[in-house]
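Structural features, examined
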Amino acid sequence: MAAHARTSAAVGMVLVAAVTAGCSGSGSHSGSGSTSSPPASSARVGNGQNNPAPAPTESNPPGDIPDNQVYVAYRPTGGSFTGFTVKVPEGWARTEQGGSTVFTDKLNTVRITAVSASAAPTVDSVTKTVVPKLRSQVPKFAAPKVSEVSRHAGRVVRLTYQGDSAKDPVTGKVVRDAFERYAFYKSGHEVDLTLSGPVKADNVDPWRIVSDSFAWR
């Protein structure tokens, strides 16, 4: 009887081991199948369609003039009127465009135009004559605001507005620009100083330096 009991126990243990091995093999096969291809969600993350990588953060926003920018005096030596001086950022490219002297760097521009005028510009005259002219010349012209402000040269009429830049010849990109136009006047001479750069660029201090530097001579 003891021998028969031992034999039965041995057979039972063999059957248990066989069942356990079979279950283990089935579980292993299932796990291998799940790892052979990633879940759909993992595939979407990998290809970047639903979760694109963040755009790189720039150390300076486009159009910001550096705080350490150096300014140099510009004194016209030709043209219709030469009796003034104004500081412009050093190193900017200079061009002559239809009676205007233009300084540019990347997305920013300083434009200087001298003309003869029989009377000093006023808020009313700029609103009625200059604004309509610019509206027909500047793409997507908008938000004009005319006011009288004080600069070192005295009281001056300032016009602020927005407009689209010309299309970049290489990238085809168009930038939304903010403009500040100052109309200085003395003894039959008007000098228009227009400062422009991308909307939201932090150029308040540089533009104040330039507009405050204007002086008659």
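See the structure printed just above.
Residues numbered from 1 in each chain as written. Predicted model: local features only at pLDDT ≥ 70, side-chain atom pairs only at ≥ 80, totals over all residues. Heavy atoms only, no water.

With respect to the helices and strands, the residue V72 is situated in strand β1 (residues 71-74). Residue V72 is classed as partly exposed on the basis of its relative accessible area of 32%. Measuring from C-alpha to C-alpha, the distance between V72 and P89 comes to 6.3 Å, with 17 residues separating the pair along the chain. When residues no more than four places from it in sequence are discounted, the contact partners of V72 are V86, K87, V88 and E90. (Helix = DSSP H or I, 4+ residues; strand = E, 2+ residues; numbered from the N terminus. Buried < 20%, exposed > 50% of the residue type's maximum accessible area, 1.4 Å probe, protein only. Contact = heavy atoms within 4.5 Å.)

This next bit is on the sheet that holds strand β10 (residues 215-216). Sheet architecture is open: 3 strands sit in the order β1-β2-β10, paired in antiparallel fashion. Edge positions in the open sheet fall to β1 and β10, since each of these has one partner strand only. With respect to the sheet, helix α4 (residues 204-213) is in contact with β1, β2 (84-89) and β10, its orientation differing from that of β2 by roughly 165 degrees. (Pairing = 2+ DSSP bridges. Axes fitted to C-alpha atoms, helices over the stretch in contact; angles between N-to-C directions.)

To continue, consider the side chain of E190. When you line up the elements, E190 lands in strand β9 (residues 189-198). The class of E190 is buried, set by a relative accessible area of 11%. In this view, E190 contacts T113, A114, V115, A117, P121, R181, A183, F184 and Y185; residues no more than four positions away in its chain are not counted.

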